[in-house]
Every structure is written in structure tokens, then in C-alpha cells.
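The chain contents come next:
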Amino acid sequence: MKEITFKSIADAVCELTRACSGLTASCSSAMRAAYDKESNENAKFALEMLMENAEVAKDRGLPVCQDTGMAVVFVKLGQDVHISGGLLTDAIDEGVRRGYRDNGYRASVLDPISRVNTRDNTPAVTHVTVTEGDKLQIAFLPKGFGSENMSRLYMLTPSQGIDGVKESIINAVKLAGSNPCPPIVVGVGIGGTAEKAMLLAKEQLLREIGAPSENSALAALEQELLLKINALGIGAQGFGGDTSALAVHIGKYPTHISALPVAVNIQCNAVRLSSVTL
């Protein structure tokens with residue numbers, strides 16, 4: 001049995017929050033590629049400003065966007081791990097609390113009814129999966145709400161089939177328009193129950209941008225949808241142009257014979273993600 005302390009988890013999460021000040025490497029590469037092939041001058045200018053903003057944030061330790069989001073944390077907990085000194089979720093919240101405070105990130109989390117701010121960006125939204133082994137893997141995804149507010153869940157009938165799935169995903173992007181600060185990453189979950197589809201869609205945002213699904217059929221669907229979404233002409237920051245989305249990432253899960261859930265979770269251009277293994 002491997003013992004991992006409350007403090008070591010909190011310290012690790014605190015460090016992970018620094019992701020709010022930088023884009024992932026795959027996001028930076030995708031943005032550069034989009035800039036290089038962009039034919040619309042207004043969109044090209046917007047992409048240039050987004051990349052310059054990211055560089056300034058990285059160099060100065062500032063947030064890439066003022067919306068440092070709500071902390072979404074994905075945990076893979078080895079069954080041979082024992083956490084000492086407190087609860088796992090409390091340790092994660094302590095790390096988020098310290099990390100957002102120490103880095104000067106905006107306090108954006110509040111009670112949904114009273115609208116009273118918690119003042120420290122807690123609690124995080126934590127998802128835990130138990131795995132084999134004696135390691136604890138933590139991924140930190142700060143989710144801004146310009147894009148999170150564009151989430152969609154479609155409970156299709158089986159008769160709507162793959163055409164209905166495609167139509168729903170494209171419709172979600174159309175409805176989002178420029179609100180999620182494109183170019184976006186489109187996370188999609190197909191199957192399961194309503195909540196499983198939504199979680200699947202969010203999990204797709206953990207993938208490196210443009211990394212195809214290991215399932216060949218899903219990989220082909222991702223590319224088809226990416227082309228169709230980019231043909232919408234929304235473009236960088238809504239200025240039109242060639243790139244409305246940097247990638248479409250799709251996951252699936254078995255579902256009920258009478259159901260066809262499709263969830264769409266959109267990520268803005270500021271893809272911020274960090275991870276650690278303890």
C-alpha cells in the first residue's frame with residue numbers, strides 16, 4: 001500500500017493551477033498552424049493577438065484570460081493508494097484555494113442561488129476513477145464559462161442515427177457562434193446516460209489537440225465534423241475565416257436500446273491544462 005499525504009496532494013494541485021498562465025503545447029502549435037493557413041486578414045489579426053497575449057501571459061506569469069474558470073479536476077486513484085491526513089477532495093480544494101490566491105487569479109466561484117462568492121474558487125469539480133496500481137494521477141482543467149455556457153445535451157432517438165448525431169454537434173457550434181472565443185475545441189460524448197455523455201464530452205478536452213481517437217470510425221467522424229464546422233465561417237473571435245475549430249474530439253460509451261445521448265462541451269481558444277502523477 002502506497003501512502004500519499006494530504007499535504008503532498010494539496011501542494012501538487014497548487015502547482016498545477018499555474019496552468020492558468022499558459023496554453024498547452026498542442027494548443028500553441030494548433031494556433032500557429034491556423035495562423036499560417038488563414039486567408040481572412042481580420043481572422044489572421046485576431047489569431048496573432050491571441051498568440052501574442054499567450055506569450056505575454058507566459059512571460060509575466062499572468063492569466064491567459066481573466067476568466068481562470070472553475071477548477072475541474074480529473075483523478076485516477078490507484079486502488080493500492082492510501083491517502084493520509086484528510087480527504088482527497090479536501091486536499092484538492094486546498095490546493096485550488098492556495099494556487100488561485102497565490103497567483104492572483106480571479107475569484108469566480110459562487111453559490112448558484114444567493115450568488116455569494118466563495119472568495120477562494122472552491123470547491124473544485126472533482127471526478128475520481130479508481131484504477132489498478134499505487135499511483136495517483138491528477139489532471140487540472142480550468143474551464144472558463146464563455147465556453148462552458150455553450151454546453152449542449154441532445155437526447156436523440158435511435159432512429160435519428162449518425163446523421164442526427166452530426167446535425168446536433170454542428171448545431172451546437174452554430175448556436176455558440178463567437179460566444180466561446182473561437183477557434184474552439186469541440187468535445188463530444190456519445191452514449192451512456194445523460195450525465196455520462198456530458199462527462200465523456202468534458203473528458204475529450206484532456207486530449208492533445210488534434211490527436212485522433214484510437215477508434216478509427218470515431219477518428220474519421222472527428223475529421224469530417226472538423227471540416228464541416230470550419231466551413232461554417234465563424235472564424236477566430238467571430239471574424240470569419242478558415243478556422244472556427246482547432247479540433248473535434250469524440251468519445252463514446254454503450255447506451256440503452258431506446259436512447260442516443262449526444263453531449264457537446266466546447267473549449268475556448270485558451271486551452272489550459274496540467275497534470276501530475278504522485
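Shown above is the structure to which this text applies.
Cut-offs applied
- Residues numbered from 1 in each chain as written.
- Predicted model: local features only at pLDDT ≥ 70, side-chain atom pairs only at ≥ 80, totals over all residues.
- Heavy atoms only, no water.
- 1 Å grid on protein atoms, 1.4 Å probe; cavity = no way out; pocket = protein on both sides within 12 Å on 5 of 7 lines; lining within 4 Å.
- Points joined across faces, edges and corners; volume = space filled by probe spheres on them.
- Helix = DSSP H or I, 4+ residues; strand = E, 2+ residues; numbered from the N terminus.
- Nonpolar A, V, L, I, M, F, W, Y, C, P; charged D, E, K, R; others polar.
- Pairing = 2+ DSSP bridges.
- Axes fitted to C-alpha atoms, helices over the stretch in contact; angles between N-to-C directions.
- Contact = heavy atoms within 4.5 Å.

A. Fine view of the layout of surface pockets. One number sums up the size of the largest pocket: a volume of about 490 Å³. Lining the largest pocket are 18 residues, and of these Phe74, Lys76, Ala139, Glu203 and Leu206 sit closest to its centre. For the lining of the largest pocket, the secondary-structure elements that each account for two or more residues are β2 (70-78), β4 (125-131), β5 (136-143), α7 (194-203) and β10 (274-277). Of all the elements, β10 adds the most residues to the lining of the largest pocket, at four residues. Here the lining of the largest pocket is composed, by residue class, of seven nonpolar, seven polar and four charged.

B. Representation of unusual backbone geometry. Here the bond from Thr122 into Pro123 is cis, since omega is 5°, no more than 30 degrees from zero. On the secondary structure map, Pro123 appears in the loop between α4 (88-102) and β4. If you check the backbone angles, Arg119 has positive phi at about 75° while not being a glycine. By the element assignment, Arg119 lies in the loop between α4 and β4.

C. A look at the sheet that holds strand β7 (residues 184-191). Here four strands make up an open sheet; going across it, the order is β6-β9-β7-β8 and the pairing mixed. Single-partner strands in this sheet number two, and they are β6 (152-156) and β8 (245-253). Pairs of neighbouring strands in the sheet enclose a mean axial angle of 15°, with direction left out of account. The sheet contact formed by β6 and strand β9 (residues 260-267) spans five bridges and is antiparallel. By the bridge assignment for β9, Arg152 is matched with Val264. Across the face of the sheet, α7 comes into contact with β6, β7, β8 and β9 while running at roughly 145° to β7. Sheet strands in contact with helix α8 (residues 216-230) are β7 and β8, and its direction is about 140° off that of β8.

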